[in-house]
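Listed below are the residues making up each chain.
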Amino acid sequence: MAIEKISQVHGRALPVRGDNVDTDRIIPARFLRSITFEGLEAHLFEDDRKQLQAAGQHHPLDESRYRGASILLTNANFGCGSSREHAPQAIRRHGIRAVIGESFSEIFFGNSVALGMPCVTADATTMAALMQTVESQPETDVAVDLNQMTVTAGETTYRIALPGAARESFLDGTWDATGLLLDRFEDVEAVAARLPYVAGWR
Amino acid sequence: MSQTLLQKVWDAHTVRKLPNGQTQLFVGLHLIHEVTTPQAFDMLRARGWRVRFPERTIGTVDHIVPTRDQRRPFLDVMAEDMFAALERNCRDEGIRLFDMSTGSQGIVHVIGPEMGLTQPGMTIACGDSHTSTHGALGAVAFGIGTSQVRDVLASQCLAMDPLRVRRIRVRGRLARGVYAKDVILEIIRRLGVNGGVGYAYEYAGDTIERMSMDERMTICNMSIEGGARVGYVNPDQATFDYLRGRRFAPAGDDFEKACRWWSHMASDANAGYDDEVELDAAAIGPTVTWGINPGQSVYVDEPLPNPVSAQGAERAAIDEALDFMGLTAGSRIRGTRIDVAFVGSCTNGRLSDLREAAKVIRGRHVAPHVRALVVPGSQPVRLAAEREGLDRVFIEAGFDWRGAGCSMCLAMNPDKLEGREICASSSNRNFKGRQGSPTGRTLLMSPAMVAAAAVAGEVVDIREFANGD
């Protein structure tokens, strides 16, 4: 497995405001009826987008000024609900390479790590400032730096946070864990042999 | 040293500390279904790997199965493709699959405990967020994504961050008309939909200890709706009694040996917790959600919140929810007209749930404008209910009596809301679009409250609804 180290992500940003954006909204369940992840990006936020259109408004994803964005901005508890990896898959396949929010659901966060898409956190004030910058100047280059643990939008730099283990995984290129888990398989077998429900009741 | 169940199970399953500081954790039971696994098997094949412990993985089909006509091939070609992929993958890798022909098929979180596959002290993973259900038996069980399903297939392990433990002690007697569902909705309302992020929830206290295993499963099931990936109850005599004689539970002398190990894995009396919360069971009322996340709930006789009395993000959230739901600030949820009534799901699709719903509707009839369905959580639940004659009670009352599956909980099968329909639902999520119509509306409540709403045609207070008891 080729190792890709991820220390910096930069590009235009896409603001998706709101707390508790759940994975049913990110990718409605009907699009999970497939044996691959291909084409999921076409349905990213589909129901939210259609409802806004029907009301004569636009979802940020449908605004041309955010086209080509590679960083998604959001608020608290993003990705809550269903464990469907289809959600981060759809986001990443759309071209997003990092998400910045106030907080993330644990399962969504882990799924994103496994795809090499960092989900970093910043406080509510920073998120408000970042969103305001991007909404008023969508061409602003937003740069996430996992070495410095900062995000820079235009001239301004803010602090971001990321749990140490996930940060290490991106910087070392070990975010795809399978190889690591198979490294010392004799240790796995030793644990199995110690568990009474695996090895037999004594 | 005194430890919690989480710490003991964690230590017993730790393979090693990974270089990044995570723990490599052995997974004792891996449950798979058709939705989140086909891509994982493809990734496995692409890397030339095989399933290392095929006997520790068990498959079933639940999300996409139609509940009306379950004959193969399914009319829905995509659903049939997903089922066929699961069959192929299980066959190729020597994994046991409980499909409809086995008589044991059902929602993955119903059949695990039912067959005695789920046992105390285990680690259990499944590509489904409601895997926390299995914690009711004292297992450490959690949902994972598809890439992690690949990891478990390939190595029987996961790379995990440590969890803190919050003990939630519920004390006292539940009032009449108040069920396990109301208790967990209360916990989520109190602690928030993201209050449990980073925590395992240990449910304790005399209220929980008196609960049946089915009730404990309802509680643990919705841990994830409070942000906690793991929820568990310490194993006790009720757990052992539940497991005795089940198909995959230890038998004979092994059962006694197992009970000793299971008891030993329970939290020690003086274990330390990262956080503790107490709840008075007697104060909880029959609960109904009014919004678009499971934390937005009220007691059935309580006024809906008013955005004017909230600030900032909270105010915006209330506004958005009331607007989507078409409800008025300060009004009562009682009296809200419903279009659909759904009894089922991994939260409330077990025999005891069906019994509670049947008690309410016996001798009554579903309101003419309501479409009502009962979907047993598994084939054995359906069979047991039929042996008690519950199917007749439901059918005579005007409910559809269906085959086992996830059904209208998540709309990956033909059971869906249409347009702006409002559904009184015993399921677990009221997210926008969750039940299949992007504008459909969900009111979460206990199975008894769903049954009462089906009869009345609107949300009612179960306490004022004279029931057959």
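Conventions adopted
Residues numbered from 1 in each chain as written. Chains lettered and ligands numbered in written order. Predicted model: local features only at pLDDT ≥ 70, side-chain atom pairs only at ≥ 80, totals over all residues. Core = buried A, V, L, I, M, F, W, Y, C linked by C-beta atoms within 7 Å. Buried ≥ 20, exposed ≤ 12 C-beta atoms within 10 Å, placed from the backbone. Helix = DSSP H or I, 4+ residues; strand = E, 2+ residues; numbered from the N terminus. Domains from an automatic or database assignment. Contact = placed C-beta atoms within 7 Å. Pairing = 2+ DSSP bridges. Axes fitted to C-alpha atoms, helices over the stretch in contact; angles between N-to-C directions. Nonpolar A, V, L, I, M, F, W, Y, C, P; charged D, E, K, R; others polar. Right-handed = clockwise from strand over helix to strand, strands pointing away. Expected span 1.5 Å × (residues − 1). Arc of directions from axis to C-beta. Parallel < 35°, antiparallel > 145°, perpendicular 65-115°, else oblique. Left-handed = near helix turned anticlockwise from the far one by under 90°. pLDDT = per-residue confidence, 0-100.

Enquirer: Would you mind going over the nonpolar core in detail, with residue names and values included?
Expert: Side chains of a nonpolar character, in soluble globular proteins, are inclined to be buried together. A:Ile71, A:Leu73, A:Ile100, B:Val450, B:Ala453 and B:Ala454 are the most contacted members of the largest nonpolar core, which totals 212 residues. Looking at this core element by element, the count peaks at nine residues for helix 16 (residues 447–456) of chain B. If you count residues domain by domain, this core takes at least three from each of domain 1 (5–265) and domain 2 (287–464) of chain B. Ignoring any residue separated from it by four or fewer positions in sequence, one finds A:Leu73 in contact with A:Ala13, A:Leu14, A:Pro15, A:Val16, A:Ile100, A:Met127, A:Leu130, A:Met131 and A:Val134.

Enquirer: Lay out the sheet that holds strand 11 (residues 230–233) of chain B with the relevant residues and their values.
Expert: Residues and elements named next belong to chain B. The strand order across the open sheet formed by four strands is 11-10-9-12, and the pairing between neighbours is parallel. The open sheet has two edge strands, strand 11 and strand 12 (275–280), and neither has a second partner. In this sheet, neighbouring strand axes are inclined to one another by 20 degrees on average, regardless of whether the strands run parallel or antiparallel. Here strand 9 (residues 164–171) pairs with strand 12 via six bridges, running parallel. Paired with Arg166 across the two strands is Asp275, which belongs to strand 12. Sitting on the sheet, helix 8 (residues 213–221) touches strand 10 (199–204) and strand 11, and the angle it makes with strand 11 is about 155 degrees.

Enquirer: Could you give an account of the interface of chain A and chain B, with specific residues and numbers?
Expert: Of the residues lining the interface, 57 residues belong to chain A; the matching set on chain B comes to 63 residues. By residue class, the composition of the side of chain A that touches chain B is 24 nonpolar, 17 polar and 16 charged.

Enquirer: An account of helix 13 (residues 351–361) of chain B is requested, with residue identities and associated values reported.
Expert: Residue and element names in this part refer to chain B. Across the 11 residues of helix 13, eight count as buried, placing the element largely inside the fold. Residues Leu351, Asp353, Leu354, Glu356, Ala357, Ala358, Val360 and Ile361 constitute the buried set of helix 13. Gly363 lies just past helix 13 and shows a positive phi near 80 degrees.

Enquirer: Go over unusual backbone geometry with me, naming the residues and quoting the values.
Expert: All names here are of chain B. For the bond running from Arg72 to Pro73, omega is -15 degrees, close enough to zero to count as cis. The residue Pro73 is located in the loop between strand 4 (57–60) and helix 3 (77–93) in this model. Non-glycine residue Gln156 carries a positive phi angle of around 60 degrees. By the secondary structure assignment, Gln156 is in the loop between helix 5 (146–155) and strand 8 (157–160). With 28 C-beta atoms packed within 10 Å, Gln156 lands in the buried category. If you check the backbone angles, Ala411 has positive phi at about 60 degrees while not being a glycine. For Ala411, the position within the fold is in the loop between strand 17 (400–401) and strand 18 (422–425).

Enquirer: Describe in detail the domain arrangement of chain B, supporting the description with residues and values.
Expert: All names here are of chain B. By domain assignment, chain B separates into domain 1 (5–265) and domain 2 (287–464). Relative to domain 2, the C-alpha centre of domain 1 lies at a distance of 24 Å. Sorting the residues of the side of domain 1 that touches domain 2 by element identifies helix 4 (108–114), helix 6 (180–191) and helix 8 as the ones contributing at least two each. In terms of residue class, the side of domain 1 that touches domain 2 is built from 14 nonpolar, 15 polar and 10 charged.

Enquirer: Got a sec to walk through the pairing of strand 10 of chain B? Specific residues and values, please.
Expert: Residue and element names in this part refer to chain B. Summarising burial for strand 10: six of the six residues are buried, a large majority. With six bridges joining them, strand 9 and strand 10 adopt parallel strand pairing. Paired with Arg164 across the bridge in strand 10 is Tyr199. Following the backbone out of strand 9, through helix 6 and into the adjacent parallel strand 10, one traces a crossover that is right-handed.

Enquirer: Talk me through the sheet that holds strand 3 (residues 71–73) of chain A; I want residue IDs and the actual numbers.
Expert: All names here are of chain A. Spatially, four strands are ordered 2-3-4-5 in an open sheet, and the strand pairing comes out parallel. Every other strand in the sheet has two partners, leaving strand 2 (13–15) and strand 5 (119–121) as the edge strands with one partner each. Neighbour-to-neighbour, the strand axes of the sheet open up by a mean angle of 20 degrees, direction not taken into account. Bridge count between strand 3 and strand 4 (residues 98–101): three bridges; the pairing is parallel. Each residue of the ladder has a partner; that of Leu72, found in strand 4, is Val99.

Enquirer: For the environment of B:Thr60, give the residues involved together with the corresponding values.
Expert: Residue and element names in this part refer to chain B. Here Thr60 is to be found in strand 4. Classification of Thr60 by C-beta neighbours within 10 Å gives buried; the count is 29. Measuring from C-alpha to C-alpha, the distance between Thr60 and Ile107 comes to 7.6 Å, with 47 residues separating the pair along the chain. If near-sequence neighbours (up to four positions away) are discounted, Thr60 is found in contact with His33, Leu97, Phe98, Gln105, Gly106, Val108 and Ile111.

Enquirer: So what's going on with helix 3 of chain B? Residues and values would help.
Expert: All names here are of chain B. With 17 residues, helix 3 ought to run about 24 Å at 1.5 Å a step, and its terminal C-alpha atoms sit 24 Å apart, in line with that. Here helix 3 has its buried residues at Ala79, Met82, Phe83, Leu86, Asn89 and Cys90. End-on view of helix 3: buried residues confined to an arc of 125 degrees, all on one side of the axis. Facing away from the buried surface of helix 3 by more than 90 degrees, the exposed residues are Val77, Arg88 and Arg91. Against the buried residues of helix 3 lie helix 2 (38–46), strand 4 and strand 5 (96–98).

Enquirer: Account for the packing of helix 2 of chain B against helix 5 of chain B, with residues named and values stated.
Expert: All names here are of chain B. Between helix 2 and helix 5, the shortest axis-to-axis distance is 8 Å and the interhelical angle comes to 55 degrees. When the interaxial angle is binned, helix 2 and helix 5 end up oblique. Note that helix 2 runs across helix 5; the crossing there is right-handed. Taking contact as the criterion, the partners of Gln39, Ala40, Met43 and Leu44 in helix 2 are, on helix 5, Thr146, Val149, Arg150, Leu153 and Ala154. By residue class, the composition of the contact of helix 2 with helix 5 is six nonpolar, two polar and one charged.

Enquirer: Outline the confidence of the model for chain B, listing residues and values.
Expert: Confidence along chain B averages 97 in pLDDT terms, with 99% of residues attaining 70 or more. Model confidence for the complex is summarised by a pTM of 0.97, with the ipTM given as 0.96.

Enquirer: Which residues make up the environment of B:Ala40, and what are the values?
Expert: Residues and elements named next belong to chain B. Along the chain, Ala40 turns up in helix 2. For Ala40, a count of 24 C-beta atoms within 10 Å puts it in the buried group. When the C-alpha atoms of Ala40 and Glu215 are compared, they prove to be 33 Å apart, with 175 residues separating the residues in sequence.

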